[in-house]
Amino acid sequence: MIFVILAIQIFSRPMTVAEKLDHAIDFEESENQKMISQMIRDFCAKEIKPKMMDWDESQEFPVDLFRKLGSLGLMGVLVPEEYGGSGFGYHEYVTTIAEISRVDGSIGLSVAAHNSLCTGHILQFASEEQKLKYLPKLATAEWIGAWGLTEPNTGSDAGNMRTIAIKDGDHYVLNGAKNFITHGKSGQVAVVIARTGSVGDSRGMTAFIIEKGTPGFSAGRKENKLGMRASETTELIFTDCRIHKSQVIGGEGEGFVQALKVLDGGRISIAALSLGIAQGAFDAALRYSKERHQFNQPISAFQGISFKLADMATKIEAAKLLVYRSADLKNRGMSVNKESAMAKLYASEVAVEVANDAVQIFGGYGYIKDYPVEKFYRDAKLCTIGEGTSEIQKLVISRSILK
Ligand SMILES: Cc1cc2nc3c(=O)[nH]c(=O)nc-3n(C[C@H](O)[C@H](O)[C@H](O)COP(=O)(O)OP(=O)(O)OC[C@H]3O[C@@H](n4cnc5c(N)ncnc54)[C@H](O)[C@@H]3O)c2cc1C
């Protein structure tokens, strides 16, 4: 009763300034975020910018770079310190992915896949023993991680997967293939979801931790991609691959449900990746619009260009709000199913639109590789596809608002 009275007293009088501040939405970056942003800007200027077009051209996945990112704590951003990680929350994570992607989306994609898919799956669902074994290696990038859900015939419809794991004593025997797997070849460890029950049963799939070198487990073809070319994408092949039951994450049959939860967080990654690409393309276009003169004036003086810049900046700001809102909910342990889908849907479409506008602002120079925007344009498109296409995000959002 006393609590009811107190509550009524508090809510019936006007809020004090201190209480209002407590309830206010804070749009300021934290000191940690500012520190991470500056560290990444310095790192990118020295380690990424000078080499990224060579990596892009040759499709090189620069493993050493990821070790350096690991030594900065950026490959285990969300991993608690007791497992060798940085112990940060989602705000810092979003800042990390967006800042790297502002320079090179393909490095941003690999950092995101490593942090939120493979490492994220183990962090959320693995046993203490598995965490102690794998997280310290992953958080420092001593090992690169991969995550295998997609198959050649089942992408959006991942629950229909055909890779099977048949129980044989204390082992499971895996047969099948996964495709489009980030770090499928260079990763030392992969979390792989395979069928252990009947097709159509969402409880018929199980997640396994599989190490490189396990007999019957190999990487297949490396994809030749439109963009994100420094991020390695390959097939994974399983031929009578025997995995001990101690490598199962959680219990048998929990793999698909776990994967959907991992993807809820993963969508925040791709939304942050999109935000970074959009911001990078915008920065370049803004700069160029002031330098490039036509008809004796900078092109930014033409309303056709300045209004385009205004639209680009506004869309980026709106995307940022959605991304940080879902990061905030995730930090507070709340459901982000709808919110991360909205952030991913909107930010990825914005990345494509802004990169397209940036190329337009650069004119002919936007179409050649001496200027940065053609790469942003190519990299951006992945964001509307990976970790659930835009159409699948709309499915998730509509299911949530119609239930
Ligand atoms: C560079 C890259 C990296 C990737 N990394 C990984 C990884 O590390 N691990 C992993 O597991 N996967 C990875 N993927 C796979 C990625 O998640 C899938 O490509 C994606 O989920 C789409 O699946 P799909 O390519 O089979 O397309 P499909 O599912 O075949 O879709 C084709 C089209 O049909 C539409 N469509 C499908 N179903 C519906 C529906 N119900 N309603 C409306 N439209 C629909 C889609 O939106 C799309 O436009 C990666 C992909 C790429 C390109």
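Scoring rules and cut-offs
Residues numbered from 1 in each chain as written. Predicted model: local features only at pLDDT ≥ 70, side-chain atom pairs only at ≥ 80, totals over all residues. Heavy atoms only, no water. Salt bridge = Lys/Arg side-chain N within 4 Å of Asp/Glu carboxyl O. Buried < 20%, exposed > 50% of the residue type's maximum accessible area, 1.4 Å probe, protein only. Helix = DSSP H or I, 4+ residues; strand = E, 2+ residues; numbered from the N terminus. 1 Å grid on protein atoms, 1.4 Å probe; cavity = no way out; pocket = protein on both sides within 12 Å on 5 of 7 lines; lining within 4 Å. Points joined across faces, edges and corners; volume = space filled by probe spheres on them. Nonpolar A, V, L, I, M, F, W, Y, C, P; charged D, E, K, R; others polar. Contact = heavy atoms within 4.5 Å. Polar contact = N/O pair within 3.5 Å; in protein donor to acceptor, adjacent residues only side chain to side chain. Core = buried A, V, L, I, M, F, W, Y, C linked by side-chain atoms within 4.5 Å. Phe/Tyr/Trp six-rings, centres within 6.5 Å; stacked < 30°, edge-to-face > 60°. pLDDT = per-residue confidence, 0-100.

Undergrad: So what's going on with the pattern of salt bridges? Which residues, and what values?
TA: Taken as a whole and judged by the stated rule, the model has 22 salt bridges. Close ionic contact of lysine 46 with glutamate 47 constitutes a salt bridge, the shortest N to O distance being 3.5 Å. On the basis of relative accessible area, lysine 46 is assigned to the exposed category, the value being 60%. On the basis of relative accessible area, glutamate 47 is assigned to the buried category, the value being 12%. Where glutamate 374 meets arginine 378, a salt bridge forms, and the shortest distance between an N and an O atom there is 2.8 Å. Residue glutamate 374 and its partner arginine 378 are located together in helix H12 (residues 373-380), separated by four residues, close to a single helical turn. Both residues of the pair, glutamate 374 and arginine 378, belong to the buried class. Salt bridges sharing partners connect three or more residues here, namely Arg41, Glu99, Arg102 and Asp283.

Undergrad: Quick rundown of the layout of surface pockets? Include the residues and the values.
TA: Taken as a whole, the largest pocket holds about 1300 Å³ of empty space. Lining the largest pocket are 44 residues; nearest its centre among them are Thr150, Ile385, Gly386, Glu387 and Gly388. Sorting the residues of the lining of the largest pocket by element identifies helix H7 (105-125), strand E1 (145-148), strand E3 (171-182), helix H9 (255-291), H12 and helix H13 (390-402) as the ones contributing at least two each. For the lining of the largest pocket, the element with the most residues is H9, which contributes seven residues. Among the residues making up the lining of the largest pocket, the classes are represented as 20 nonpolar, 13 polar and 11 charged. In this model, the second largest pocket occupies a volume close to 770 Å³. Lining the second largest pocket are 25 residues, with Asp26, Phe27, Gln33, Lys320 and Tyr324 positioned closest to its centre. The biggest single contributor to the lining of the second largest pocket is helix H10 (residues 303-331), with six residues. Among the residues making up the lining of the second largest pocket, the classes are represented as seven nonpolar, seven polar and 11 charged.

Undergrad: Go over the environment of glutamate 223 with me, naming the residues and quoting the values.
TA: With respect to the secondary-structure elements, glutamate 223 resides in the loop between strand E6 (217-222) and strand E7 (233-244). With relative accessibility at 10%, the residue glutamate 223 sits in the buried group. C-alpha of glutamate 223 to C-alpha of tyrosine 365: the two residues are 142 residues apart in sequence and 28 Å apart in space. Once residues within four sequence positions are removed from consideration, glutamate 223 is found in contact with Gln59, Phe180 and Thr233. Side-chain polar atoms of glutamate 223 contact the side chain of arginine 221, separated by 3.3 Å.

Undergrad: Tell me what's going on with the nonpolar core, and back it up with residues and numbers.
TA: Ranked by internal contacts, the top residues of the largest apolar core, which has 66 residues, are Ile48, Leu69 and Ile107. With 13 residues, H9 is the largest single contributor of residues to this core. In contact with leucine 69, other than residues within four places in its own chain, are Phe43, Leu74, Met75, Ile100, Ile107 and Val111. In this structure, Ile122, Trp147, Val191 and Ile193 belong to the second largest nonpolar core, which totals 27 residues.

Undergrad: Could you give an account of the packing of aromatic side chains, with specific residues and numbers?
TA: Under the defined criterion, the tally for this structure stands at 10 aromatic pairs. Aromatic side chains phenylalanine 217 and phenylalanine 238 sit 5.3 Å apart centroid to centroid with 10° between the ring planes, which places their arrangement in the stacked category. Here the residue phenylalanine 217 occupies a position in strand E6, and phenylalanine 238 occupies one in strand E7, the gap between them amounting to 21 residues. Members of the aromatic cluster, joined through ring pairs, are Tyr288, Phe362, Tyr365 and Tyr371.

Undergrad: So what's going on with the confidence of the model for the protein? Which residues, and what values?
TA: Taken as a whole, the protein shows an average pLDDT of 94; of its residues, 94% reach a score of 70 or greater. Within the model, the stretch residues 1-12 combines pLDDT values under 50 with zero contacts to residues more than four positions away or in other chains.

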